[in-house]
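A look at the structure
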Amino acid sequence: MAAENNLTMAELFRAKTLNNQLPRRITHIAGLTYWELTKISNSLGQIAGATIGPNSGRSAIVVDRE
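Notes on the structure in this doc start here.

Cut-offs applied
Residues numbered from 1 in each chain as written. Predicted model: local features only at pLDDT ≥ 70, side-chain atom pairs only at ≥ 80, totals over all residues. Heavy atoms only, no water. Helix = DSSP H or I, 4+ residues; strand = E, 2+ residues; numbered from the N terminus. Buried < 20%, exposed > 50% of the residue type's maximum accessible area, 1.4 Å probe, protein only. Areas by Shrake-Rupley, 256 points an atom, 1.4 Å probe, with all protein chains shown as cover. Salt bridge = Lys/Arg side-chain N within 4 Å of Asp/Glu carboxyl O. Patch = residues over 30% accessible without salt bridge, like charges linked within 9 Å, V, L, I, M, F, W, Y side chains within 5 Å. Polar contact = N/O pair within 3.5 Å; in protein donor to acceptor, adjacent residues only side chain to side chain.

Helix and strand counts for the chain come out as two helices and zero strands. For the chain, the proportion of its 66 residues judged to be buried stands at 9%. Within the structure as shown, the chain displays about 6200 Å² of accessible surface, and the carbon and sulfur contribution to it stands at 59%.

Attention now goes to unusual backbone geometry. A positive phi angle, close to 55°, is found at Asn6, a residue other than glycine. In this structure, Asn6 sits in the segment before α1 (9-19).

For the structure shown, the criterion picks out one salt bridge. Here Lys39 ties to Glu36 by a salt bridge, and the two come within 3.3 Å at their closest N and O atoms. Placement of both Lys39 and Glu36 in helix α2 (residues 28-52) is noted, with a separation of three residues, approximately one turn of the helix.

Let us now look at a nonpolar patch on the surface. A surface patch of nonpolar side chains, about 630 Å² in accessible area, is lined by Ile26, Tyr34, Leu37, Ile40, Leu44 and Ile47. Within the secondary structure, Ile26 sits in the loop between α1 and α2. Classification of Ile26 by relative accessible area gives exposed; the value is 58%.

This part covers the environment of Asn5. Tracing the backbone through its elements, the reader meets Asn5 in the segment before α1. Look at Asn5 and you get buried, because its relative accessible area is 17%. Engagement of the side chain of Asn5 in a polar contact is seen with the backbone oxygen of Met1, the distance being 3.0 Å.

Quick look at the structure:
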């Protein structure tokens, strides 16, 4: 069971005796997806802060359409 779940015997023992659950495996693709979503979230937070932040009522945002 330990080998099937890529765990050491100690990790398997702790998982089975403490809470009877095995740790969740995160695939490489899922990890990359979480990383990208975090970057997008940070970017959206910066955009929101710039557009609806404390200075939004006092200064206009200039967009260069060229």
